[in-house]
Amino acid sequence: MLRALFVSYSGVLGGGERILVDLVSRMPGAESSIACPEGALAAAARSRGLRVELLRGRRLELRDSLTDLIAAPARLAGHAAEIRSVVSRRRPDVVIGWGTRSAMASAAALRAVRGARRPRFVQQGNDLLPGPLIARAARAVARSADLVVSLSETIARDLDPARRLGERGAIVYPGVDLDAYAGIAPPADRPRVLVLSAIVGWKRPMLALDSAALATKALPDLEITVAGA
């Protein structure tokens, strides 16, 4: 049985973390666990019957202040030390660094594991890289990974602009569980849709408008509101 360890720097339950819980809870034939700080992500994982390895919670802010910038390497080093401890204890077959910081820390942690005991390493890209220094480090980690998975073509290009990864790079679009919406009845009054997001090109707000235009064929009274900075 495959033993997989998913590592998340964040303990919140954002979009990437929701995908993580859905993915791990639907992996047949695998003994999977999620290493993350205590919080909404850990609670969601436990509610699905998943094993949780608790890590220390660390500030998510990267450029909020000069202190955050200075402390970032020490936070990553501490994250890597905890990952190394979990890997030593759990002996997984594969370690998946979920997001940039956990991927960087996981790669650092696995450098100390030699020979047959070293797990395979997967880097999961969920977001665009925030700056040139982090981008350089994340791309170096990607070149050393056994597999790099991205949620979109844009993220894949950001992690591997020269397309050097070849077959070690994969794009896996986040799916939607349609059964989760099967029991929701149509609204009693005028149907309304809210698209809440930063209104920037890479968030693809026009996709929401195109979807609404298609939906009006069946729901001519549909009202859509786009809100965000």
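Up top you'll find the structure we're talking about.
Here is a short report on the structure shown in this document. (Residues numbered from 1 in each chain as written. Predicted model: local features only at pLDDT ≥ 70, side-chain atom pairs only at ≥ 80, totals over all residues. Heavy atoms only, no water.)

Attention now moves to the sheet that holds strand 5 (residues 120-125). With respect to topology, seven strands assemble into an open sheet ordered 3-2-1-4-5-6-7, the strand pairing being parallel. The open sheet has two edge strands, strand 3 (51-55) and strand 7 (169-171), and neither has a second partner. Across the sheet, the axes of successive neighbouring strands diverge by a mean angle of 20°, strand direction being ignored. Of the pairings in the sheet, the one linking strand 5 to strand 6 (residues 147-150) comprises four bridges and is parallel in character. Among the inter-strand pairings, glutamine 123 is bridged to a residue of strand 6, identified as valine 148. (Pairing = 2+ DSSP bridges. Helix = DSSP H or I, 4+ residues; strand = E, 2+ residues; numbered from the N terminus. Axes fitted to C-alpha atoms, helices over the stretch in contact; angles between N-to-C directions.)

Moving on, we get to the pairing of strand 4 (residues 94-98). Burial within strand 4 is extensive, with five of its five residues counted as buried. Alternating positions in strand 4 separate into two faces, Val94, Ile96 and Trp98 on one and Val95 and Gly97 on the other, with burial throughout. Pairing between strand 1 (residues 2-8) and strand 4: five bridges, direction parallel. Of the residues in strand 4, the one forming a bridge with phenylalanine 6 is isoleucine 96. As paired strands, strand 4 and strand 5 are joined by five bridges and run parallel to one another. When the bridges of strand 5 are listed, isoleucine 96 appears paired with valine 122. (Buried < 20%, exposed > 50% of the residue type's maximum accessible area, 1.4 Å probe, protein only.)

Attention shifts here to the side chain of serine 33. Looking at the element boundaries, serine 33 is found in strand 2 (residues 30-37). You can call serine 33 buried: its relative accessible area is 4%. What serine 33 contacts, discounting residues up to four positions off in sequence, is Ala4, Leu5, Phe6, Arg51 and Glu53. (Contact = heavy atoms within 4.5 Å.)

The subject of this paragraph is helix 5 (residues 132-144). Look at helix 5: 19 Å from first C-alpha to last across 13 residues, which is about the 18 Å you get at 1.5 Å a residue. Residues Ala135, Ala138, Val141 and Ala142 constitute the buried set of helix 5. In an axial view of helix 5, the angular spread of the buried residues amounts to 125°, which keeps them on one side of the axis. Facing away from the buried side of helix 5 by more than 90 degrees, the exposed set consists of Pro132, Leu133 and Arg136. (Expected span 1.5 Å × (residues − 1). Arc of directions from axis to C-beta.)

Look at helix 1 (residues 15-24) against helix 2 (residues 40-47): their axes get within 10 Å of each other, and the N-to-C directions meet at 20°. Classified by the interaxial angle, the pair formed by helix 1 and helix 2 is roughly parallel. Crossing hand, helix 1 versus helix 2: right-handed. Across the interface between the two elements, Glu17, Leu20 and Val21 of helix 1 pack against Leu41, Ala44 and Ala45 of helix 2. Of the residues belonging to the contact of helix 1 with helix 2, the class tally is five nonpolar, no polar and one charged. (Parallel < 35°, antiparallel > 145°, perpendicular 65-115°, else oblique. Left-handed = near helix turned anticlockwise from the far one by under 90°. Nonpolar A, V, L, I, M, F, W, Y, C, P; charged D, E, K, R; others polar.)

Moving on, we get to a nonpolar patch on the surface. Taken together, the side chains of Val176, Leu178, Tyr181 and Ile184 present a nonpolar region at the surface, about 490 Å² in accessible area. Considering the arrangement of structural elements, one finds valine 176 in the loop between strand 7 and strand 8 (192-196). (Patch = residues over 30% accessible without salt bridge, like charges linked within 9 Å, V, L, I, M, F, W, Y side chains within 5 Å. Areas by Shrake-Rupley, 256 points an atom, 1.4 Å probe, with all protein chains shown as cover. Salt bridge = Lys/Arg side-chain N within 4 Å of Asp/Glu carboxyl O.)

This paragraph deals with the nonpolar core. Judged by nonpolar contacts, the single largest core of 29 residues is most densely connected at Leu5, Val7, Val87 and Phe121. If you list the elements that add at least two residues to this core, you get strand 1, helix 3 (66-90), helix 4 (100-110), helix 5 and helix 6 (153-159). No other element matches helix 4, which puts six residues into this core. In this view, valine 7 contacts Ala35, Leu55, His79, Ile83, Val95, Ile96, Gly97, Trp98, Ser102 and Ser106; residues no more than four positions away in its chain are not counted. (Core = buried A, V, L, I, M, F, W, Y, C linked by side-chain atoms within 4.5 Å.)

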